[in-house]
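# A look at the structure
Given next are the chains, with one letter for each unit.
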Amino acid sequence: MRTIRRLETGGHRPHAASVRLLADALGLSGEERDILAAAARGRTVPAAQNGPVPRQLPRDTTWFTGRGVEVKRILAAASDPATAPALVISAIDGMAGIGKTALAVHAAHRLAGHFPDGQLFIDLHGFSTGVARVEPFDALHRLLRDVGVPGERIPGGLDERAALWRSLLTGRRMLIVLDNAATEAQVQPLLPGAAGCLVLVTSRKRLAALEVSHTVSLDTLPQADAVLLLVRTADRPDVKTDPAGVREAVELCGRLPLAIRIAAARLKHRRVWTVADLVQRLRNLDARLAALDDGQRSVYATLHLSYQNLSADTQRLYRLLGLHPGPDIDPHAAAALAATTLEEVNRWLEGMADDHLLAEPAPGRYRFHDLVRAHAAETAATEETQARQRAALNRLLDHYRHTTAVAMDVAYPYERHRRPAVPPVDGPTPDLSGHDRANRWLDAELPNLLAAAQHAAKHGWPEHVWQLSAILDRHLRTRGRHQDAAALHEPALNLARRLGNRPAELDALNRLGYVHRMLGSYERASDHYGRALQIAQAIGDRGGELNALDGVARVHWMLGSYEQASDHYGRALRIAQAIGDHVGELQAMHGLGRVHRMLGHYERAEDHYSGALRIAQTIGDRGGELQALNGLGDVHRTQGHYEQAGRDLEQALGIARSIGHRGGELNSLTGLARVRWMAGCNEQAGDHLRQALQIARETGDRSGELNALNGLGHVHRMLGGYGEAAGCYQRVLDLAQELGRANWRFEALQCLGRLHHAAGDPDLALNYHEQALRQAIHLGQPTDQARAHDGLAHAHHALNHHDRARRHWRDALEILTDLGADHTEDIEATVPRIRTHLTSLDQ
């Protein structure tokens with residue numbers, strides 16, 4: 001009673017272990033556990049972050065048995081005060097089928113309540129037969145998407161992705177399961193950089209070079225635990241009546257959890273079997289089945305025993321699933337493989353899932369365990385003729401090609417004419433009516449589609465490769481999957497060249513040009529577009545010529561060659577209008593609007609953006625409409641027509657919100673903020689930028705965060721809040737250095753120079769502008785060099801260094817004149833203002 005009284009009055013706090021036991025006994029949820037744990041520590045529960053919290057752990061095994069010592073070690077590692085200040089990594093290793101994933105998932109469920117920011121799970125396929133290993137580059141793409149980073153905001157390099165991942169996890173408490181790792185190098189880039197997270201890694205190999213907090217090496221189950229597992233999983237009271245038979249059965253299964261569960265499933269679903277029947281079948285299995293590694297023979301024996309007891313139709317589907325090149329499969333694709341109905345294939349898939357031959361990680365999606373996949377593939381190789389194997393794969397490829405085309409026509413109807421027509425299929429296909437449903441199918445099946453294209457490229461289906469490359473291109477662009485796009489388009493290009501297919505070569509070159517441009521490889525992009533243009537003109541393909549011209553124009557734009565960009569956009573526009581390609585016309589008008597705005601041709605820029613807006617509205621391209629309105633807002637802002645610019649951007653903001661385009665919403669808010677502060681409405685600008693900053697942080701959009709912070713710095717500077725402005729600009733500089741964003745490093749240095757000039761410290765302004773100029777020269781960006789020269793001129797002028805100020809203003813004017821540009825991103829650095837300064841100095 002005295003102890004209870006001390007608890008009630010706050011005079012004593014319970015041990016963490018006692019709190020966990022109480023939470024287990026009460027069956028508390030993750031959120032309830034957080035409340036209880038916080039109360040036990042005398043704290044309040046922090047407010048939940050906005051946006052969905054990922055909860056990706058697979059379902060815990062119903063009859064998890066044994067591994068008590070290992071579970072306690074993992075739980076203790078996560079709560080050990082000695083390791084709490086550091087990142088906690090527990091590595092679980094052991095042979096295939098030993099139960100590594102089951103242990104990791106079970107422990108993760110026990111610990112989930114301690115990690116309120118979510119739980120992530122990713123299968124790295126380090127030892128998956130027939131499935132490509134998930135490289136760190138691709139794993140980081142998925143992890144970043146899972147924590148809310150839009151695809152178009154994910155960096156194009158491995159180091160940049162890893163840096164962004166570490167930054168996003170700083171200050172968060174997340175539990176991350178990295179399952180089925182092959183090497184330390186596959187895992188290292190995926191690790192958080194600081195305390196607060198727990199990482200569970202499973203691998204068949206002991207990852208000795210990985211710096212882990214705790215290692216758990218699994219051996220086969222002790223016989224008592226193996227017996228208990230079989231008895232529990234079989235779920236038959238009579239099994240206990242033959243203890244000797246059960247002991248022999250688990251020994252024949254090698255005391256491996258996977259093998260035991262499969263054997264127990266035979267007993268569960270074959271009620272007429274006795275334990276003696278199971279043992280007899282395990283003893284007499286055909287000796288031709290060979291083991292992969294020591295101790296694996298019994299696993300294969302159990303798998304083949306389960307296979308032999310399937311119906312003939314289910315056996316055939318099992319074999320054909322072993323041919324599937326992707327990581328998982330849905331019933332429609334399985335029906336295509338087996339040339340059967342959806343009803344039949346669903347029944348067979350569910351039966352295999354009941355027999356533990358297939359896992360169902362999500363409703364309607366099935367995948368093999370690695371050992372089962374290997375057995376299925378081996379069985380297919382021995383029991384299916386080459387002709388039957390090829391016919392099944394041909395049906396699968398036809399299904400994926402056709403269904404992808406249907407989904408793309410629903411999701412991107414305005415580009416239907418740019419995609420190849422594909423033949424229909426006889427088998428069942430999913431219901432893809434509605435934009436959201438089509439996009440969900442494309443996202444879910446993308447790993448399978450890419451794997452199918454790679455398989456087709458290696459095994460003699462060139463038409464499928466070219467067509468999947470052409471059909472999927474727009475979705476990969478929209479999702480920012482540039483490396484995946486390169487892996488899809490490169491084989492298409494190689495096949496086209498080998499077989500002398502000039503139209504296919506042209507299309508692949510244009511698509512690869514876009515990929516390299518987005519990855520910043522302008523020289524490679526220009527080379528691909530140039531070769532595409534030559535082929536298009538040689539074979540008279542006006543659509544291909546249009547795409548190549550648009551690509552060349554965009555490269556010139558990025559390099560500041562505005563006149564050349566304008567020439568190529570103009571040629572593209574004329575071709576698009578001649579052949580009636582509205583999407584090409586829209587793209588060319590957007591490009592011409594950008595060019596003419598930079599050149600100070602505001603009326604022409606407005607005409608082109610307005611034309612683009614009309615086309616987008618006519619063809620139903622909401623993204624193109626959003627882009628045109630943002631462009632019009634920029635034109636009107638640059639002219640000082642702030643009221644009209646505000647209306648344009650408010651309309652764009654409404655569209656972005658109506659279609660759930662968070663990136664478009666963020667861009668419109670920052671554009672509106674710029675209009676407001678240029679019009680002197682700094683408080684409104686600050687409100688818009690704070691909203692933009694919140695969206696950027698919710699979605700993990702680091703570029704958006706940099707943009708919003710930079711804008712807030714401008715607002716504070718205009719309001720005279722120099723300390724607050726300095727804090728914003730310094731945060732931009734720190735983030736830019738952390739993420740390796742050289743362009744944003746220039747922006748931060750340039751803005752800090754402007755700030756210190758406004759604050760009356762020209763010496764410090766001079767230092768920052770000199771750094772900014774060096775950065776702009778390193779980047780090869782002449783417009784930014786002009787901005788830095790203008791900043792240096794202002795600083796020298798304030799220090800009465802009039803000759804130096806004159807030289808820098810002349811340098812800035814010469815750069816802008818050579819470019820044919822009228823203004824820059826700095827409102828201080830325009831051609832009219834620079835000429836006014838030079839005139840003043842000469843008087």
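Residues numbered from 1 in each chain as written. Predicted model: local features only at pLDDT ≥ 70, side-chain atom pairs only at ≥ 80, totals over all residues. Heavy atoms only, no water.

### Focus on helix α36 (residues 782–798)
Between its terminal C-alpha atoms α36 stretches 25 Å, which fits the 24 Å expected from 17 residues at 1.5 Å a residue. Counting buried positions along α36 gives 14 out of 17 residues, so the element sits mostly inside the fold. Once α36 ends, the next one or two residues include N800, with phi positive near 65°. (Helix = DSSP H or I, 4+ residues; strand = E, 2+ residues; numbered from the N terminus. Expected span 1.5 Å × (residues − 1). Buried < 20%, exposed > 50% of the residue type's maximum accessible area, 1.4 Å probe, protein only.)

### A word on the pairing of strand β3 (residues 175–181)
By the criterion of burial, β3 is predominantly enclosed, with seven of the seven residues buried. Relative to strand β4 (residues 198–203), β3 is paired through five bridges, and the arrangement is parallel. Counted as the bridge partner of L175 is L198 from β4. (Pairing = 2+ DSSP bridges.)

### Let's talk about the environment of T382
Its place among the elements puts T382 in helix α17 (residues 370–383). Taking C-alpha positions, T382 is 29 Å from L124, a pair spaced 258 residues apart along the chain. A distance of 3.1 Å separates a polar side-chain atom of T382 from the backbone oxygen of T379. (Polar contact = N/O pair within 3.5 Å; in protein donor to acceptor, adjacent residues only side chain to side chain.)

### Here we look at the packing of aromatic side chains
As enumerated under the stated definition, the model contains three aromatic pairs in all. Summarising the aromatic geometry, the rings of Y318 and F368 are spaced 5.7 Å apart at their centres and angled 80° between planes, so their arrangement reads as edge-to-face. Note that Y318 is positioned in helix α14 (residues 312–321) and F368 in the loop between β7 (365–367) and α17, a separation of 50 residues in sequence. Per residue, the accessibility class of Y318 equals that of F368, and both read buried. For the ring pair W557 and Y562, a centre distance of 5.3 Å and an interplane angle of 50° mean the geometry is tilted. Across the pair, Y562 and W557 agree in class, each one buried. Through a chain of ring-to-ring contacts, the aromatic side chains of Y307, Y318 and F368 assemble into a single cluster. One residue, R477, lies across the ring of Y514, its end atom 3.8 Å from the ring centre. (Phe/Tyr/Trp six-rings, centres within 6.5 Å; stacked < 30°, edge-to-face > 60°. Lys NZ or Arg CZ within 6 Å of the ring centre and 35° of its normal.)

### Notes on the pattern of salt bridges
Within this structure, the stated rule accounts for 35 salt bridges. As a salt-bridge pair, R676 and E650 come within 3.3 Å of each other at their nearest N and O atoms. Of this pair, R676 sits in helix α30 (residues 662–678) while E650 sits in helix α29 (residues 642–658); the two residues are 26 residues apart in sequence, bridging distant segments of the chain. Residue E650 is classed as partly exposed on the basis of its relative accessible area, which comes to 36%. (Salt bridge = Lys/Arg side-chain N within 4 Å of Asp/Glu carboxyl O.)

### Quick word on the side chain of H106
Within the secondary structure, H106 is located in helix α5 (residues 100–111). Accessibility expressed as a relative area gives 14% for H106, which makes it buried. Within polar-contact distance, the side chain of H106 engages the side chain of D60 at 2.9 Å.

### A few points about the environment of R73
Turning to its location among the elements, R73 is positioned in helix α4 (residues 68–79). R73 sits 664 residues away from Q737 along the chain, and the two C-alpha atoms are 39 Å apart. Leave out the neighbours within four places in its chain, and R73 touches T215 and V216. (Contact = heavy atoms within 4.5 Å.)

### Looking at the sheet that holds strand β5 (residues 214–217)
With parallel pairing, five strands are arranged side by side in an open sheet as β2-β3-β4-β1-β5. Both edges of this open sheet fall to β2 (119–123) and β5, since each of them pairs with a single strand only. Here the average twist between neighbouring strands, direction ignored, is 15°. As paired elements, strand β1 (residues 88–93) and β4 share six bridges and run parallel to each other. The residue of β4 that forms the bridge with S90 is L200. Contacts between α5 and the sheet are confined to β1, β2, β3, β4 and β5, with β4 contributing the most and set at about 165° to the helix. (Axes fitted to C-alpha atoms, helices over the stretch in contact; angles between N-to-C directions.)

### Quick look at the packing of helix α23 (residues 522–539) against helix α24 (residues 542–558)
α24 packs onto α23 with a crossing angle of 155° between their chain directions and a minimal axis gap of 8 Å. With respect to α24, the element α23 is oriented roughly antiparallel. Crossing of α23 against α24: the hand is left-handed. Contacts between α23 and α24 pair Y522, A525, S526, Y529, A532, L533, A536 and Q537 from the former with G544, E545, N547, A548, L549, G551, V552, V555 and M558 from the latter. (Parallel < 35°, antiparallel > 145°, perpendicular 65-115°, else oblique. Left-handed = near helix turned anticlockwise from the far one by under 90°.)

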